[in-house]
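As a plain string of letters, each chain reads:
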Amino acid sequence: MIEPLLKVQNLSRHFGSASAPVRAVDDVSFEIANGETLGLVGESGCGKTSLVRTLLKLGPATSGSALLDGVDITTASGRRLHELRRKMQVVFQDPYQSLNPRMRVDRLISEPWALHPGVVPKSNWREETVKLLESVGLRAEHADRYPSEFSGGQRQRLGIARALALNPTLLVCDEPVSALDVSVQAQVINLLAGLRRERNLAMLFVAHDLAVVRHVSDRVMVMYLGRIIETGPKQSIFGAAAHPYTQALMSAVPTPDPRRRAQRKRIVLQGDLPSPANPPSGCRFRTRCWKATSICAEQEPALIARTEAPGLLTACHHAGPEIANEIPRLEET
Ligand SMILES: Nc1ncnc2c1ncn2[C@@H]1O[C@H](COP(=O)(O)OP(=O)(O)OP(=O)(O)O)[C@@H](O)[C@H]1O
Ligand SMILES: [Mg+2]
């Protein structure tokens, strides 16, 4: 059996006091294979960034483990943690904040090599910097400029170049294009998709925009109030989601197919996301679900395999295909 690149088991990240914690990430388990892109979606506040930050060890895990190449990120320290950081790099949402404005681009890009000696000898820094800049669609002369001299899209390209400097095996992208103009979002997405193929990079890709997630992901994971409520290959999630919450999310994605567009109803979720400090009993989605019955308040549904579509796992007592006339809260799209 081939071990996955990343193996996350029962990982939790709680904030605040132990007596009344905010359960930002609550007992999640998943894997990412070498070279695979896993898309992560869910409403604002469902715990995506908290999960990402825990995996990057920017904050402590409350419990559980996350093995990268067999080494537990949550307990690693010293040399092991240093090595994990080389293998796992991140592209954040805001390229304005993540690049030090006082550093020239050549220093920004070569800084990781100074922190991880042995990856690229100093005599090759200039040459390797130029190669990296070109690989993200920038040019050699950009090496002598400062971040403020670049557009938003170019800055995100710089952030990507810097993230790739250490040749990571896993690239974590948290909303990498949501701060950019719509006109440049597609360029950056296509750049990431190309780099991923060329370098056989595995990616954890967080995004609000489901059309973007569909474009880049192999598999998709849907979070709600700190839990994974559905996951599967992208075709299964986008074509045959069995969880009402996923179905609601999907109903807002524009479809190019005019026949499907005509058939489809927009499911408008009622109410706000409940507080992760005080999640509903049983199924956390039940307070907004049109299928909810008494069992949903009593028992938390397990994430289990479905027969609707290959590889689909769903946590719902009433999981099943979306049937438009069963959905009471509808709006025509
Ligand atoms: N440092 C913190 N201290 C306390 N609570 C936090 C902290 N960081 C996040 N939270 C809470 O954890 C929950 C999850 O937040 P998180 O930022 O992970 O969500 P998200 O899915 O990334 O949202 P968005 O889509 O808006 O980026 C929220 O209720 C948030 O208020
Ligand atoms: Mg976030």
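The rules behind each value
- Residues numbered from 1 in each chain as written.
- Chains lettered and ligands numbered in written order.
- Predicted model: local features only at pLDDT ≥ 70, side-chain atom pairs only at ≥ 80, totals over all residues.
- Heavy atoms only, no water.
- Pairing = 2+ DSSP bridges.
- Helix = DSSP H or I, 4+ residues; strand = E, 2+ residues; numbered from the N terminus.
- Contact = heavy atoms within 4.5 Å.
- Axes fitted to C-alpha atoms, helices over the stretch in contact; angles between N-to-C directions.
- Phe/Tyr/Trp six-rings, centres within 6.5 Å; stacked < 30°, edge-to-face > 60°.
- Buried < 20%, exposed > 50% of the residue type's maximum accessible area, 1.4 Å probe, protein only.
- Salt bridge = Lys/Arg side-chain N within 4 Å of Asp/Glu carboxyl O.
- Disulfide = S-S within 2.5 Å.
- Core = buried A, V, L, I, M, F, W, Y, C linked by side-chain atoms within 4.5 Å.
- Domains from an automatic or database assignment.
- Near = heavy atom within 4 Å.
- Polar contact = N/O pair within 3.5 Å; in protein donor to acceptor, adjacent residues only side chain to side chain.
- Areas by Shrake-Rupley, 256 points an atom, 1.4 Å probe, with all protein chains shown as cover.
- Nonpolar A, V, L, I, M, F, W, Y, C, P; charged D, E, K, R; others polar.
- Buried area = accessible area lost by both parts, 1.4 Å probe.

A. Focus on the sheet that holds strand β2 (residues 22-32). On the basis of which strands lie adjacent, the open sheet formed by four strands has the order β2-β1-β4-β5 and antiparallel pairing. Two strands in the sheet have a free side with no partner beyond their single neighbour: β2 and β5 (71-72). The sheet contact formed by strand β1 (residues 6-15) and strand β4 (residues 63-68) spans five bridges and is antiparallel. The partner of V8 across the bridge, within β4, is A66. Its contacts with the sheet place helix α1 (residues 48-55) against β1, β2 and β4, and it is angled at close to 115 degrees to β1.

B. Molecular detail of the packing of aromatic side chains. Under the counting rule described, the total for this entry stands at four aromatic pairs. Ring geometry for W113 and W125: centres 6.3 Å apart, planes at 45 degrees, overall tilted. Of this pair, W113 sits in helix α4 (residues 105-115) while W125 sits in helix α5 (residues 125-135), placing them twelve residues apart in sequence. Note on W125: relative accessible area 17%, which makes it buried. Here the aromatic rings of Y224 and F285 are separated by 5.1 Å at their centres, their planes lie at 85 degrees, and the arrangement is edge-to-face. With Y224 in strand β9 (residues 219-224) and F285 in the loop between β11 (266-267) and α12 (294-298), this pair connects stretches of sequence that are 61 residues apart. In this structure Y224 comes out as buried when scored by relative accessible area, which is 1%. Residue classification places F285 among the buried residues on the basis of a relative accessible area of 2%. An aromatic cluster of at least three residues, connected via ring pairs, comprises Y224, Y245 and F285.

C. Just the pattern of salt bridges, in detail. Tallied over the full model, the rule gives 17 salt bridges. Where R126 meets D144, a salt bridge forms, and the shortest distance between an N and an O atom there is 3.1 Å. Taken as a pair, R126 in helix α5 and D144 in the loop between α5 and α6 (152-164) lie far apart in primary sequence, 18 residues in all. Looking at R126, the relative accessible area reads 40%, which means it is partly exposed. Note on D144: relative accessible area 37%, which makes it partly exposed. Within the structure, one salt-bridge network assembled from shared partners comprises D26, R227, R284 and E300.

D. A look at the state of the cysteines. One pass over the full model with this rule turns up zero disulfides. Of the cysteine sulfurs around C46, a residue in no disulfide, the closest is that of C283, at 14 Å. In this model C289 remains outside any disulfide bridge; the closest cysteine sulfur is found in C316, 5.9 Å from its own.

E. Highlighting the nonpolar core. One finds W113, I160, L171 and F205 to be the most contacted residues of the largest nonpolar core, which totals 60 residues. Each of domain 1 (6-217) and domain 2 (239-333) gives at least three residues to this core. Once you skip the residues sitting within four places of it in the chain, F205 turns out to touch T37, L38, G39, L40, C173, P176, I189, L192, V212 and V216. One finds I32, L55, L81 and V172 within the second-largest nonpolar core, a separate group that totals 31 residues.

F. Inspection of the site of ligand 1 at higher detail. F15, A24, E43, S44, G45, C46, G47, K48, T49, S50, H208 and P276 make up every residue found near ligand 1. Contact between ligand 1 and G45: an oxygen atom at 2.8 Å from a main-chain N or O atom of the residue. Within the contact set of ligand 1, an oxygen atom lies 2.7 Å away from a side-chain nitrogen or oxygen of K48. For ligand 1, whose free accessible area comes to 630 Å², the fraction covered by protein is 60%. At three residues, the largest contribution of residues to the shell around ligand 1 is made by α1. Across the shell around ligand 1, the residue classes tally to four nonpolar, six polar and two charged.

G. Examining the domain arrangement of the chain more closely. For the chain, the assigned domains are domain 1 (6-217) and domain 2 (239-333). For domain 1 and domain 2, the distance between their C-alpha centres works out to 30 Å. Counting residues at the interface gives 13 residues for domain 1 and twelve residues for domain 2. Carbon and sulfur atoms supply 58% of the area buried between domain 1 and domain 2, which totals about 960 Å² over both sides. When the area that domain 1 buries against domain 2 is broken down by residue, the three leading residues are R23, E43 and L210, summing to 50%. For the pair domain 1 and domain 2, the number of links is two salt bridges.

H. Spotlight on the environment of L303. Along the chain, L303 falls in the loop between α12 and β12 (304-305). With a relative accessible area of 31%, L303 lands in the partly exposed category. Counting along the chain gives 220 residues from L303 to E83, while the straight-line C-alpha distance between them is 33 Å. Those residues within four positions of L303 in sequence are excluded, and the remaining contacts are I228, I229, E230, T231, L313, T314 and A315.

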